[in-house]
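Architecture at a glance
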Amino acid sequence: MHSPLSAGMVIIGAGHCGGRAAQALREAGWTGPIHLVGMERHAPYERPPLSKELLTGEKTAESCQLRSMQTIINDGIRLHTQRVSSIDTAAHYITLANGQVLPYYRLLLATGGSARCLDIPGANQPEVLTLRTVDDALLLAQRLGANRHLLVIGGGFIGLEVAASARRIGMAVTLVEGAPRLLGRAVPADVAASVLALHQAREVDVRLGVLPTAIAPHPPGGVRVRLSDGQHIDVDTVLVGIGMKPTTDLARASGLAVAQGILVDANLRTSAPDVFAAGDVAEFPSPFSGLPMRQETWFNAETQARVAAHNMLGGQELAHQPPWFWSDQYNHQLQVCGEPALGTQMVVRELGEGDHVTFHLNAQDRVVGMSAWGLTPRCLKEFKLARLLVERHVSANPEELRNPAVKLKALASVTAIAA
Ligand SMILES: Cc1cc2nc3c(=O)[nH]c(=O)nc-3n(C[C@H](O)[C@H](O)[C@H](O)COP(=O)(O)OP(=O)(O)OC[C@H]3O[C@@H](n4cnc5c(N)ncnc54)[C@H](O)[C@@H]3O)c2cc1C
């Protein structure tokens with residue numbers, strides 16, 4: 001193995017998690033080299049605005065950056081805009097696509113994922129786009145505009161957020177989803193129904209149980225999309241939002257243990273010595289059930305980056321924060337915290353005017369998850385308290401949770417906390 005100060009820390013993937021991990025290494029006092037290697041031509045940035053404020057023009061690409069390029073340089077972090085083509089875990093070095101070799105003392109894989117593409121005839125037309133990177137978002141933004149028609153394929157978070165952004169700038173929007181409801185199993189049926197109602201109220205033409213079958217140019221500059229119900233639709237642009245695929249090929253080829261993602265323990269260590277993985281690509285033990293899970297969220301990238309950095313420096317920190325994410329659509333926010341799938345009972349707390357929090361309780365009445373939907377900023381305080389109940393894994397009386405007259409703050413502090 002190379003000496004720590006000659007080899008240094010190497011991070012593959014200069015996205016949110018990789019960028020934050022490099023910063024955390026410096027903040028924790030690492031003075032040796034840090035090499036951050038990423039394929040994108042941008043400084044590390046946050047992706048949530050790509051489907052929201054970047055499309056509506058409320059944010060620029062530069063304002064999505066985690067930190068400015070100058071701060072990264074001032075921190076002595078060397079950013080390489082290259083693809084990593086191989087890792088030698090025995091000899092502790094990586095090779096970049098340009099042939100450059102970088103030895104490492106500790107290595108972090110934060111390779112995230114890429115957008116899934118549609119596999120139907122004609123899906124390679126230039127009018128058919130996906131959304132993962134800032135360059136994807138800039139291309140999509142160029143094609144949006146009032147008096148144009150967007151077809152969104154997929155009723156998941158990204159598709160719905162893009163639909164909301166496109167409506168906000170006055171575009172006609174049709175959304176097709178193959179399943180009979182929006183958002184799959186990510187949220188309970190009552191939340192999915194509220195999301196559907198809001199999009200319909202904002203005049204999105206939502207078609208459930210319908211799949212695209214073929215795409216052809218029509219007229220020049222637009223496309224005709226044939227649908228499984230026998231109808232067709234002519235639009236200017238198609239946004240395919242059918243999920244992401246974790247980028248595990250490099251890890252797999254290097255002999256690391258990979259399942260749905262790169263397998264790590266609770267300290268984010270992979271199966272190879274001195275190699276860590278974090279963010280969207282890491283498959284880690286759930287803090288509640290211990291079962292392997294992967295998270296595609298801002299919060300996971302943010303928190304795991306810091307845990308990985310700490311442990312690369314010899315720490316034993318656990319990645320044990322309950323999962324949490326949000327989705328902004330129009331003036332509403334959806335939040336999910338914990339692991340709703342572990343619940344055996346759902347308790348709905350109505351907050352008035354359509355806002356609600358659904359608590360997911362296990363057989364022992366412990367709060368293992370919450371799913372919430374409501375107008376912002378009105379409902380955010382209540383959502384924060386509901387999240388606290390999940391984080392504290394409290395045992396709560398369902399009747400009290402349901403009753404808006406009983407303060408969540410009181411339940412968070414007086415009820416038993418799991419060992
Ligand atoms: C449009 C959009 C909107 C989102 N909105 C929300 C939201 O509202 N709320 C929320 O909680 N989460 C949201 N997310 C999810 C969140 O942004 C991600 O979970 C987060 O970006 C994951 O960070 P990461 O660093 O793990 O992966 P990424 O951000 O994907 O970064 C991985 C980087 O690794 C690079 N890479 C991969 N392989 C190699 C290689 N071999 N060599 C060099 N570089 C490589 C990639 O090019 C990429 O830049 C959104 C995501 C998207 C795409």
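These numbers come from a predicted model, not from an experiment. (Residues numbered from 1 in each chain as written. Predicted model: local features only at pLDDT ≥ 70, side-chain atom pairs only at ≥ 80, totals over all residues. Heavy atoms only, no water.)

Notes on the overall build of the chain
- Along its length, the chain carries 12 helices and 26 strands.
- Its C-alpha atoms give the chain a radius of gyration of 23 Å, within 12% of the compact-globule value 22 Å for 419 residues.
- Along the first, second and third principal axes, the C-alpha set of the chain runs to 65 × 60 × 35 Å.
- Relative to its 419 residues, the chain shows a buried fraction of 53%.
- Across the chain, contacts joining residues at least 24 apart in sequence account for 60% of those joining residues at least 6 apart.
- When the accessible surface of the chain is split by element, carbon and sulfur atoms take 52% of a total near 17,700 Å². (Helix = DSSP H or I, 4+ residues; strand = E, 2+ residues; numbered from the N terminus. Rg over C-alpha atoms; globule rule 2.2 N^0.38 Å. Buried < 20%, exposed > 50% of the residue type's maximum accessible area, 1.4 Å probe, protein only. Contact = heavy atoms within 4.5 Å. Areas by Shrake-Rupley, 256 points an atom, 1.4 Å probe, with all protein chains shown as cover.)

What about the site of the ligand?
- Contacts to the ligand come from 35 residues, most closely from Glu40, Arg47, Lys52, Arg132 and Asp280.
- For the ligand, an oxygen atom lies 3.0 Å from a polar atom in the backbone of threonine 297.
- Taken by itself the ligand offers 1,000 Å² of open surface, and the protein chains cover 94% of this.
- Counting residues per element, the ones that place at least two in the shell around the ligand are α2 (16–27), β2 (34–38), α6 (157–168), α9 (298–312) and β22 (324–329).
- Class assignment for the residues of the shell around the ligand results in 15 nonpolar, 12 polar and 8 charged.
- Counting contributing residues, the shell around the ligand receives three or more from each of domain 1 (4–113 + 245–312) and domain 2 (128–242). (Near = heavy atom within 4 Å. Polar contact = N/O pair within 3.5 Å; in protein donor to acceptor, adjacent residues only side chain to side chain. Nonpolar A, V, L, I, M, F, W, Y, C, P; charged D, E, K, R; others polar. Domains from an automatic or database assignment.)

Quick look at the pattern of salt bridges
- Under the defined criterion, the tally for this structure stands at 19 salt bridges.
- A salt bridge links arginine 306 to glutamate 302; the shortest N-O distance between them is 3.3 Å. On the criterion of helical spacing, the pair formed by arginine 306 and glutamate 302 is a turn pair, its members being 4 residues apart in helix α9.
- Taking the relative accessible area as the measure of exposure, arginine 306 reaches 34% and is therefore partly exposed. (Salt bridge = Lys/Arg side-chain N within 4 Å of Asp/Glu carboxyl O.)

Considerations on the nonpolar core
- Core analysis: the biggest nonpolar cluster contains 53 residues, and Ile94 and Leu109 have the highest contact counts within it.
- With 6 residues, α9 is the largest single contributor of residues to this core.
- Excluding residues that lie within four positions of it along the chain, leucine 109 makes contacts with Ile12, Ile87, Leu250, Leu256, Ile262, Val275, Phe276, Ala277, Ala278 and Val281.
- If you look at the next biggest cluster of nonpolar residues, it comprises 37 residues, including Leu129, Leu160, Ala192 and Leu198. (Core = buried A, V, L, I, M, F, W, Y, C linked by side-chain atoms within 4.5 Å.)

A word on α6
- With 12 residues, α6 should reach 16 Å at 1.5 Å per residue; the first-to-last C-alpha distance of 16 Å fits that figure.
- Those residues of α6 not exposed but buried are Gly159, Leu160, Glu161, Val162, Ala163, Ala164, Ser165 and Ala166.
- After α6 finishes, the residue glycine 170 shows a positive phi value of roughly 85 degrees. (Expected span 1.5 Å × (residues − 1).)

Observations concerning the pairing of strand β26 (residues 367–375)
- With 8 of 9 residues buried, β26 lies mostly within the body of the structure.
- The pairing of strand β23 (residues 332–338) with β26 spans 7 bridges and is classified as antiparallel. Each residue of the ladder has a partner; that of cysteine 337, found in β26, is methionine 370.
- Across 6 bridges, the pairing between strand β25 (residues 355–361) and β26 is antiparallel. In the sheet register, valine 357 faces β26, and the bridge partner there is alanine 372.
- Between β25 and β26, which pair antiparallel and follow one another directly, the connecting turn spans 5 residues, one of which, aspartate 365, has a positive phi of 65 degrees. (Pairing = 2+ DSSP bridges.)

Some details on the confidence of the model for the chain
- Taken as a whole, the chain shows an average pLDDT of 95; of its residues, 98% reach a score of 70 or greater.
- Within the chain, no element has a lower average pLDDT than helix α1 (residues 4–7), which sits at 75, and none a higher one than strand β19 (residues 275–277), at 99.
- For the stretch residues 415–419, pLDDT sits under 50, and the model shows 11 contacts to residues farther than four places along the chain or on other chains. (pLDDT = per-residue confidence, 0-100.)

A closer look at the packing of aromatic side chains
- Applying the stated criterion across every chain, the model contains 5 aromatic pairs.
- Ring centres of tryptophan 298 and tryptophan 326 lie 5.8 Å apart, and the angle between their planes is 70 degrees; this geometry places the pair in the edge-to-face category. Linking tryptophan 298 in helix α9 with tryptophan 326 in strand β22, this pair joins segments that are 28 residues apart in sequence.
- Taking the relative accessible area as the measure of exposure, tryptophan 298 reaches 25% and is therefore partly exposed. (Phe/Tyr/Trp six-rings, centres within 6.5 Å; stacked < 30°, edge-to-face > 60°.)

Observations regarding the domain arrangement of the chain
- Per the domain assignment, the segments making up the chain are domain 1 (4–113 + 245–312), domain 2 (128–242) and domain 3 (331–414).
- In this structure, domain 2 and domain 3 have C-alpha centres spaced 30 Å apart.
- Across the boundary between the two partners, domain 2 contributes 11 residues, which contact 11 residues of domain 3.
- Across the interface of domain 2 and domain 3, roughly 800 Å² is buried in total on both sides, 72% from carbon and sulfur atoms.
- Of all residues in domain 2, Pro188, Val191 and Leu198 give up the largest surface area on contact with domain 3, accounting jointly for 44% of the area buried on that side. (Buried area = accessible area lost by both parts, 1.4 Å probe.)

Side note on helix α7 (residues 189–201)
- Given a rise of 1.5 Å per residue, 13 residues ought to cover 18 Å, and the 18 Å separating the end C-alpha atoms of α7 matches this to within 8%.
- Looking only at α7, the buried set comprises Val191, Ala192, Ser194, Val195, Leu196, Leu198 and His199.
- Where α7 is buried, its residues touch α6, β12 (205–208), β22, β23, β25 and β26.
- Two residues or fewer past α7, glutamate 203 is found with a positive phi of approximately 70 degrees.

A look at the sheet that holds strand β4 (residues 84–88)
- In space, the 3 strands of this open sheet follow the order β4-β5-β6, with antiparallel pairing throughout. Of all the strands in the sheet, just β4 and β6 (101–103) have a single pairing partner and so form its edges. Put simply, the sheet's adjacent strands are angled 20 degrees from each other on average, direction ignored. (Axes fitted to C-alpha atoms, helices over the stretch in contact; angles between N-to-C directions.)

Topic: the UniProt feature "domain: FAD/NAD(P)-binding" (unreviewed entry) in the chain
- Mapped onto the present numbering, the UniProt feature "domain: FAD/NAD(P)-binding" (unreviewed entry) falls on residues 9–304.
- Taken as a whole, residues 9–304 contains 23% helix and 29% strand, while its terminal C-alpha atoms sit 16 Å from one another. (UniProt positions renumbered as here; feature names shortened; annotations may be inferred.)

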